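An overview of the molecular structure
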Amino acid sequence: MLCVQLGLAASVGLLDEIGSGGAAWLRLAWAGILLLLIVRPRPSAFGREALLAGAVLGVVTAGLTLFFMAAVARLPLGTASAIEFLGPLGVAVARSRGRGRAWAGLAAAGVVCLTQPWAGTVDAVGAAFALAAAACWAAYILLTQKVGDAVTGIGGLAISMPVAAVVATLVAGRDVVGRLTPELLLLGLGLAILLPVVPFMLELLALRRLTTAAFGTLMALEPALALLVGLVLLHQVPAPLSVLGVAMVVAAGIGAERGGARVSPSLPTTEPERLPATVLAGGTTAADTAGPTLP
């Protein structure tokens with residue numbers, strides 16, 4: 001979550017240069033290239049179901065990135081993140097039992113405090129983009145767990161990220177290529193590592209060990225981190241009611257589901273991929289790539 005918010009804050013500087021679509025495309029394009037170079041996937045190592053799920057995940061990832069960058073261009077980072085969080089919260093609530101679903105009301109109240117529709121100060125288009133990103137995020141969580149269970153290691157990302165890069169290229173890339181400079185290309189490479197390569201790897205590994213409900217609950221911290229990063233790095237000072245709204249969304253996420261280690265996840269259906277030792281660094285051991293053991 002910290003990588004995501006720092007990456008988003010750094011990406012804001014690209015908006016004036018290449019626009020929100022261009023910033024999203026530059027990160028996804030580099031991410032797709034990096035994953036192909038790191039994993040070097042072999043098509044024969046993936047089953048038909050894994051390939052299809054990975055491709056759909058790639059389309060959803062592109063939508064999530066493009067929609068959210070469009071929202072951040074129009075809304076404060078904390079507000080956009082809190083609205084986007086309705087996606088994982090919805091998954092947590094849907095997968096919870098009994099009283100867990102009642103937390104949706106608290107989250108809705110928090111979003112109302114953030115957007116303050118009666119004041120007419122929040123960009124309606126930006127809020128719509130954030131809601132579209134929320135829907136993509138919910139689908140992303142479900143698909144990431146499915147792909148993570150079907151493919152060992154981080155091989156699933158070697159399918160989804162190139163697909164996401166292609167989709168983003170078709171949507172926004174053609175209008176940006178002519179404005180690229182060596183400096184922007186280098187910045188895009190660094191941002192791609194910070195977001196999405198590192199966070200998506202960690203999410204894939206986390207979702208092998210957690211239920212989607214528990215994952216969505218832990219993600220409740222993200223709007224608070226977004227508010228803090230927006231304040232410190234982007235000097236976006238939130239109104240007291242906005243702080244209350246973020247607190248309500250975070251509380252709703254935590255309350256939706258407080259447990260959830262996965263007891264018996266599905267075993268991978270594909271052969272283990274041989275990954276370079278460097279890929280297994282950062283807390284990932286060879287045992288992690290041998291298949292789900294409980295991203």
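The structure reproduced in this document is the subject of the present report. What you see as residue numbers is a count from 1 along each chain, following the sequence as written. Side-chain atom pairs in this predicted model are given and counted only at pLDDT of 80 or more, local residue features only at pLDDT of at least 70, and totals for whole chains, interfaces and linings cover all residues. Water and hydrogen atoms were dropped before computing side-chain values, which therefore reflect all heavy atoms in the structure.

Here we look at the overall build of the chain
Here a helix means four or more residues in a row that DSSP labels H or I, a strand means two or more in a row labelled E, and each is numbered from the N terminus. Secondary structure summary: the chain contains twelve helices and zero strands in total. Reading the secondary structure of the chain in the N-to-C direction produces α-α-α-α-α-α-α-α-α-α-α-α. Counting every position in the chain, which comprises 295 residues, the buried fraction comes to 53%. Accessible surface, the chain as shown: approximately 12,800 Å² in total, 68% of it carbon and sulfur. Summary of the burial criterion: residues with accessible area below 20% of their type's maximum are buried, those above 50% are exposed, and those between are partly exposed, where the area comes from a 1.4 Å probe applied to protein chains only. Under the convention used here, a 1.4 Å probe and the Shrake-Rupley method define accessible areas, while residue burial counts only the protein chains that appear.

Describing the packing of aromatic side chains
Planes of paired rings set the category: under 30 degrees apart is stacked, over 60 is edge-to-face and the rest tilted, where pairs are Phe, Tyr or Trp rings (Trp by its six-membered ring) whose centres lie within 6.5 Å. Applying the stated criterion to the full structure yields two aromatic pairs. Measuring from centroid to centroid gives 5.1 Å for Tyr 140 and Phe 200, while their planes differ by 40 degrees, and the two rings are tilted. Remark: Phe 200 occurs in helix α9 (residues 182-206) and Tyr 140 occurs in helix α7 (residues 124-150); sequence separation between them is 60 residues. The burial state of Tyr 140 is the same as that of Phe 200; both residues are buried.

Quick look at the pattern of salt bridges
When a carboxyl oxygen of Asp or Glu lies within 4 Å of a side-chain nitrogen of Lys or Arg, that pair is called a salt bridge. Here the structure, examined in full by the defined rule, presents one salt bridge. Among the salt bridges present, the one from Glu 49 reaches Lys 146, with a minimum N-O distance of 3.0 Å. Residue Glu 49 is found in helix α3 (residues 48-72), and its partner Lys 146 is found in helix α7; the two are separated by 97 residues along the sequence. Here Glu 49 falls in the exposed class, since its relative accessible area comes to 56%.

With respect to the environment of Gly 178
For Gly 178, the location among the structural elements is in the loop between α8 (155-171) and α9. By relative accessible area, which is 76% here, Gly 178 ends up exposed. Considering only alpha carbons, one finds Gly 178 and Ile 18, 160 residues apart in sequence, at a separation of 9.9 Å.

Focus: a nonpolar patch on the surface
Together, Leu 2, Leu 6, Leu 228, Leu 231, Val 232, Leu 233 and Val 237 give the surface a local cluster of nonpolar side chains, amounting to about 630 Å² of exposed area. It is helix α11 (residues 221-234) that contributes the most residues to the nonpolar patch, four residues altogether. For patches, a residue must show more than 30% relative accessible area and have no salt bridge; joins then use 9 Å for like charges and 5 Å for nonpolar side chains, namely Val, Leu, Ile, Met, Phe, Trp and Tyr.

Observations concerning the nonpolar core
Buried residues of nine kinds, namely Ala, Val, Leu, Ile, Met, Phe, Trp, Tyr and Cys, make up a nonpolar core once their side-chain atoms join them within 4.5 Å. By size, the foremost hydrophobic cluster in this structure holds 79 residues, and its most contacted members are Leu 35, Tyr 140 and Leu 157. The greatest single-element share of this core, amounting to twelve residues, is contributed by helix α2 (residues 15-39). In this structure Leu 157 touches Leu 35, Pro 162, Phe 200, Met 201 and Leu 204, once residues within four positions along its chain are discounted. Residue contacts follow a heavy-atom distance rule, with two residues in contact if any of their heavy atoms lie within 4.5 Å.

Section: the side chain of Glu 84
Secondary-structure assignment places Glu 84 in helix α4 (residues 77-84). For this count, His and the chain ends are skipped, Lys and Arg are scored as positive, and Asp and Glu as negative. Buried charge without a partner: Glu 84 forms no salt bridge, and the closest opposite charge is Arg 27, 8.9 Å away. Filtering out sequence-adjacent residues up to four positions away, Glu 84 remains in contact with Leu 64, Phe 68, Ala 130, Ala 133, Ala 134 and Trp 137.

Concerning unusual backbone geometry
With omega at 20 degrees, the peptide bond leading from Leu 195 into Pro 196 counts as cis. Even without a glycine there, the phi angle at Arg 40 is positive, about 50 degrees. Phi angles above zero are rare outside glycine, and His 235 is one such case at about 60 degrees. Within the fold, His 235 resides in the loop between α11 and α12 (240-256).

Some thoughts on the environment of Ala 92
Here Ala 92 lies in helix α5 (residues 86-95). Sequence-wise, Ala 92 and Gly 216 are 124 residues apart; in three dimensions their C-alpha atoms are separated by 5.2 Å. The contacts of Ala 92, once residues within four sequence positions are left out, are Ala 213, Gly 216, Thr 217 and Ala 256.

Regarding the packing of α4 against α11
In this analysis an axis means a line fitted to C-alpha atoms, helices contributing only their contacting stretch, and an angle means the value between N-to-C directions, from 0 to 180 degrees. Where α4 contacts α11, the axes come no closer than 7 Å and their chain directions differ by 165 degrees. Considered as vectors, α4 and α11 are oriented roughly antiparallel to each other. Along this stretch, α4 crosses α11, giving a crossing that reads as right-handed. Contact residues: α4 offers Leu 77, Gly 78, Ser 81 and Ala 82, while α11 offers Pro 223, Ala 226, Leu 227, Val 229, Gly 230 and Leu 234. For this classification, Asp, Glu, Lys and Arg are treated as charged, while Ala, Val, Leu, Ile, Met, Phe, Trp, Tyr, Cys and Pro are nonpolar and the rest, including Gly, are polar. Considered class by class, the residues forming the contact of α4 with α11 number seven nonpolar, three polar and no charged. In what follows, roughly perpendicular refers to angles from 65 to 115 degrees, roughly parallel to angles under 35, roughly antiparallel to angles over 145, and oblique to any angle outside these ranges. Each crossing gets its handedness from the near helix: less than a right angle anticlockwise from the far helix is left-handed, clockwise is right-handed.

Points about α5
For α5, the complete set of buried residues consists of Gly 87, Pro 88, Leu 89, Val 91, Ala 92 and Val 93. Against α4, α6 (103-115), α7, α10 (212-218) and α12 lie the buried residues of α5.

Regarding the packing of α5 against α7
The interhelical angle for the contact between α5 and α7, taken along N-to-C directions, is 50 degrees, at an axis separation of 7 Å. When the axis of α5 is compared with that of α7, the two are oblique. Judged by the twist between their axes, the crossing of α5 over α7 is right-handed. From α5, Leu 86, Gly 87, Pro 88, Val 91 and Arg 95 reach across to α7, where they touch Leu 131, Ala 134, Trp 137, Ala 138, Ile 141 and Leu 142. For the contact of α5 with α7, the residue count by class is nine nonpolar, one polar and one charged.

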